[in-house]
Amino acid sequence: MKKDEPPLDFPDTLEGFEYAFNEKGQLRHIKTGEPFVFNYREDLHRWNQKRYEALGEIITKYVYELLEKDCNLKKISIPVDATESEPKSFIFMSEDALTNPQKLMVLIHGSGVVRAGQWARRLIINEDLDSGTQIPFIKRAMDEGYGVIVLNPNENYIEVEKPKIHVPSSSDSSDEPAEKRERKDKVSKETKKRRDFYEKYRNPQREKEMMQLYIRENGSPEEHAVYVWDHFIAQSAAENVFFVAHSYGGLAFVELMIQREADVKSKVTAVALTDSVHNVWHQEAGKTIREWMRENCCNWVSSSEPLDTSVESMLPDCPRVSAGYWTSIPHERKIQWHFGHRPSRANFLEELPVYFQILYRSL
């Protein structure tokens, strides 16, 4: 027998969920000290999933607050010329992101539910903030004199409730005889009753119908990367720009190269990719782009081989080396940074395991 599903009405604060981050950045229950439990109610997977998603939205806002308060980043609204009424997104930048004359670091996360400042929501919830967020990178980069720009490539639209459209019944305008209309209306009502009964069983709580309003010039991760390049990165004073891009962020970077090849080549010093899903054939990257990527990019990929072991690739682009684990996210823990010397492609890529020790965990 199917259980009655509780209301999809969840708290809008961590305190409401009775969770908090402890001094180690771990999410723990306020009363029991236990980690987050997904299966809060047995045999109600949909409800548990909705609860998890509601908690995830709160954590996204929490990370935004950390970027501003702990990392001292500025939240910049985009499009830069947006009107009061149109949909907007935002990115985060350090105070010196556009004025730092030497070096600028740009962070791009992957696809899915993650937003600016995150690598993986699951790791934030089940591991800790250092594992799942970009905050360790941001803090260390700023300590070492880097300007920082944090992209927000998945914030492509806002959702609003879809307006209800009244559809007049056939009896409103039909010239059919009254008896025939009554028979048709009776059949229609019985069909609707059966459909509603089935829908209530299948989906006991019908959620609001939503529609998406896309953000101008930022309607996809690829569009977002190009927009931030044109309006911010290209305008920065930094002589050396470095990218760290995870998963779909690598694809977005390659698309940026295709759209702005000459500009990227003149400004970007090196690119560190982790499990990038780019494909130079499908994206139709030209020969000159592929040659540049071979010299200036490196992709750390999931592998059981020792860290930095060369991994064979079917694509003629950047070198692929082992992350030492099966799945990956960038991680700053246990690293030693030596940024005293002049930044260069060789320093950034060849010593990247020293700069950014890549820690790989199950996503």
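The name an unreviewed UniProt entry assigns to the protein is Cotranscriptional regulator FAM172A isoform X2, from the organism Panthera pardus.

Run through the overall build of the protein, naming residues and quoting values.
Looking only at helices and strands, the protein has 13 helices and 12 strands in total. Sequence separation of at least 24 residues holds for 71% of the intrachain contacts in the protein that already meet a minimum separation of 6. When the accessible area of the protein is evaluated, it comes to approximately 19,500 Å², of which 49% is carbon and sulfur surface.

Explain the sheet that holds strand 12 (residues 320-322) to me, and be specific about the residues and the numbers.
Spatially, the eight strands line up as an open sheet ordered 3-4-6-5-9-10-11-12, and their pairing is mixed. The open sheet has two free edges, formed respectively by strand 3 (74-78) and strand 12, since each of these has just one partner strand. Neighbour-to-neighbour, the strand axes of this sheet turn through a mean angle of 20°, independent of strand direction. Examined bridge by bridge, strand 11 (residues 297-301) and strand 12 share three bridges and lie parallel to one another. Considered in strand 12, the bridge of tryptophan 300 is made with valine 321. Helix 5 (residues 135-143) contacts strand 5 (103-108) and strand 6 (147-150) of the sheet and is inclined by roughly 155° relative to strand 6.

Go over the packing of aromatic side chains, please, and point to the residues and values.
Counted according to the given criterion, the structure contains 14 aromatic pairs. Taking 5.8 Å as the distance between ring centres and 80° as the angle between the ring planes, the aromatic pair formed by tryptophan 119 and phenylalanine 137 counts as edge-to-face. Of this pair, tryptophan 119 sits in the loop between strand 5 and helix 3 (121-126) while phenylalanine 137 sits in helix 5, and the two are 18 residues apart along the sequence. Residue classification places phenylalanine 137 among the buried positions, given a relative accessible area of 1%. Seen in terms of ring centroids, phenylalanine 243 and phenylalanine 253 are 4.9 Å apart; in terms of plane orientation they differ by 55°. Their pairing is tilted. With phenylalanine 243 in strand 9 (residues 240-246) and phenylalanine 253 in helix 9 (residues 248-259), this pair connects stretches of sequence that are 10 residues apart. Positioned above the aromatic ring of tryptophan 47, the side-chain terminus of arginine 41 is 4.8 Å from the ring centre.

Run through helix 9, naming residues and quoting values.
End to end, helix 9 covers 17 Å across 12 residues, agreeing with the expected 16 Å (1.5 Å per residue, within 8%). Within helix 9, nine of the 12 residues are buried, which leaves the element mostly enclosed by the surrounding structure. All of the buried residues in helix 9 are Gly249, Gly250, Leu251, Ala252, Phe253, Val254, Glu255, Leu256 and Met257.

Quick one: what's the story with the environment of arginine 320, residue by residue and with numbers?
Position of arginine 320 among the secondary structure elements: in strand 12. Overall, arginine 320 belongs to the partly exposed group, its relative accessible area being 27%. Between the C-alpha atom of arginine 320 and that of cysteine 297, which follows or precedes it by 23 residues, the distance is 9.2 Å. Here arginine 320 is in contact with Asn299, Val301, Thr309, Ser310, Val311, Glu312 and Ser313, once residues within four sequence places are set aside.

Requested: an account of the packing of helix 8 (residues 221-233) against helix 9, with residues and values cited.
Two numbers describe how helix 8 lies on helix 9: the axes approach to 8 Å, and their chain directions differ by 55°. Relative to helix 9, the element helix 8 is oriented oblique. In this structure, helix 8 crosses over helix 9, and the sense of that crossing is right-handed. Contacts between helix 8 and helix 9 involve Pro221, Glu222, Ala225, Val226 and Trp229 from the first element and Tyr248, Leu251, Ala252, Glu255, Leu256 and Gln259 from the second. Residues belonging to the contact of helix 8 with helix 9 are distributed by class as follows: eight nonpolar, one polar and two charged.

Please provide a residue-by-residue account of the side chain of serine 322, values included.
By the element assignment, serine 322 lies in strand 12. A distance of 2.7 Å separates a polar atom in the side chain of serine 322 from the backbone oxygen of glutamate 305. A distance of 3.4 Å separates the side chain of serine 322 from the backbone oxygen of proline 306, its partner in a polar contact. Filtering out sequence-adjacent residues up to four positions away, serine 322 remains in contact with Trp300, Val301, Ser303, Glu305, Pro306, Leu307, Asp308, Thr309 and Val311.

What counts, and at which threshold
- Residues numbered from 1 in each chain as written.
- Predicted model: local features only at pLDDT ≥ 70, side-chain atom pairs only at ≥ 80, totals over all residues.
- Heavy atoms only, no water.
- Helix = DSSP H or I, 4+ residues; strand = E, 2+ residues; numbered from the N terminus.
- Contact = heavy atoms within 4.5 Å.
- Areas by Shrake-Rupley, 256 points an atom, 1.4 Å probe, with all protein chains shown as cover.
- Pairing = 2+ DSSP bridges.
- Axes fitted to C-alpha atoms, helices over the stretch in contact; angles between N-to-C directions.
- Phe/Tyr/Trp six-rings, centres within 6.5 Å; stacked < 30°, edge-to-face > 60°.
- Buried < 20%, exposed > 50% of the residue type's maximum accessible area, 1.4 Å probe, protein only.
- Lys NZ or Arg CZ within 6 Å of the ring centre and 35° of its normal.
- Expected span 1.5 Å × (residues − 1).
- Parallel < 35°, antiparallel > 145°, perpendicular 65-115°, else oblique.
- Left-handed = near helix turned anticlockwise from the far one by under 90°.
- Nonpolar A, V, L, I, M, F, W, Y, C, P; charged D, E, K, R; others polar.
- Polar contact = N/O pair within 3.5 Å; in protein donor to acceptor, adjacent residues only side chain to side chain.

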